[in-house]
Amino acid sequence: MSTVTILPSGKTIEVQEGTSLLDAILAAGEKLMHKCGGNAECGSCHIFVQAGKKGLSKTAAPEHARLDTIVGVGSKSRLACQAKVLGTEDITVELLGFASGL
Ligand code: FES
């Protein structure tokens, strides 16, 4: 079990190991676009991981490929649908809204 804190609201929720950040964010009642339904195909779920990056699953090839197509991507970027909580660290994410690059 880890906590995920969501910025800018500051809402914090407990998340089971194996849960995607997208599911965690939606379960917290936050809005995050996910046009392709979580398949690393649209990039609309792009977020920044501000803390606890090591507590997430590694970035695999489809996520890398999609991130490469998004404007405004940086070292903290992840696709929320692809990043799964490992349960080893607490995590802080930042929702980007119109700054998501889409
Ligand atoms: S929901 Fe489409 S890439 Fe994450």
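An unreviewed UniProt entry lists the protein under the name 2Fe-2S ferredoxin, with Methylocaldum szegediense given as the organism. According to its UniProt record, the protein has this under Sequence similarities (unreviewed entry): "Belongs to the adrenodoxin/putidaredoxin family." UniProt's Cofactor (unreviewed entry) comment on the protein is quoted here verbatim: "[2Fe-2S] cluster".

Check the secondary structure of the protein and you find two helices and five strands. Secondary structure elements of the protein occur, N-terminal to C-terminal, as β-β-α-β-α-β-β. Computed over C-alpha atoms, the radius of gyration of the protein comes to 12 Å, within 12% of the 13 Å expected from 2.2 N^0.38 for 102 residues, which places it in the range of a compact globule. Taken over the C-alpha atoms alone, the protein extends approximately 30 × 25 × 25 Å along its principal axes. Burial analysis of the protein (102 residues in total) assigns 28% to the buried set. Sequence separation of at least 24 residues holds for 69% of the intrachain contacts in the protein that already meet a minimum separation of 6.

Quick look at the sheet that holds strand 2 (residues 11–15) now. Strand order in the open sheet formed by five strands is 2-1-5-3-4, and the pairing between neighbours is mixed. Each end of this open sheet is capped by a strand with a single partner; those strands are strand 2 and strand 4 (77–79). The mean angle between the axes of side-by-side strands here comes to 35°, regardless of whether they run parallel or antiparallel. Across four bridges, strand 3 (residues 46–51) lies against strand 5 (residues 91–95) in antiparallel orientation. The residue bridging F48 from the neighbouring strand is E94, located in strand 5.

With that settled, consider the pairing of strand 2. Relative to strand 2, strand 1 (residues 2–7) runs antiparallel, the two sharing five bridges. Of the residues in strand 2, the one forming a bridge with V4 is I13. Between the end of strand 1 and the start of strand 2, which pair antiparallel, lie three residues, with G10 showing a positive phi angle near 85°.

For the rest of this paragraph, the subject is unusual backbone geometry. A cis amide bond, omega 10°, links L7 with the succeeding residue P8. Relative to the helices and strands, P8 is located in the loop between strand 1 and strand 2. Look at A40: it is not a glycine, yet its phi comes out positive at around 60°.

Here T19 lies in the loop between strand 2 and helix 1 (21–27). Taking the C-alpha atoms as reference points, T19 and E94, separated by 75 residues in sequence, lie 17 Å from one another.

Rules of the game
- Residues numbered from 1 in each chain as written.
- Predicted model: local features only at pLDDT ≥ 70, side-chain atom pairs only at ≥ 80, totals over all residues.
- UniProt positions renumbered as here; feature names shortened; annotations may be inferred.
- Helix = DSSP H or I, 4+ residues; strand = E, 2+ residues; numbered from the N terminus.
- Rg over C-alpha atoms; globule rule 2.2 N^0.38 Å.
- Buried ≥ 20, exposed ≤ 12 C-beta atoms within 10 Å, placed from the backbone.
- Contact = placed C-beta atoms within 7 Å.
- Pairing = 2+ DSSP bridges.
- Axes fitted to C-alpha atoms, helices over the stretch in contact; angles between N-to-C directions.

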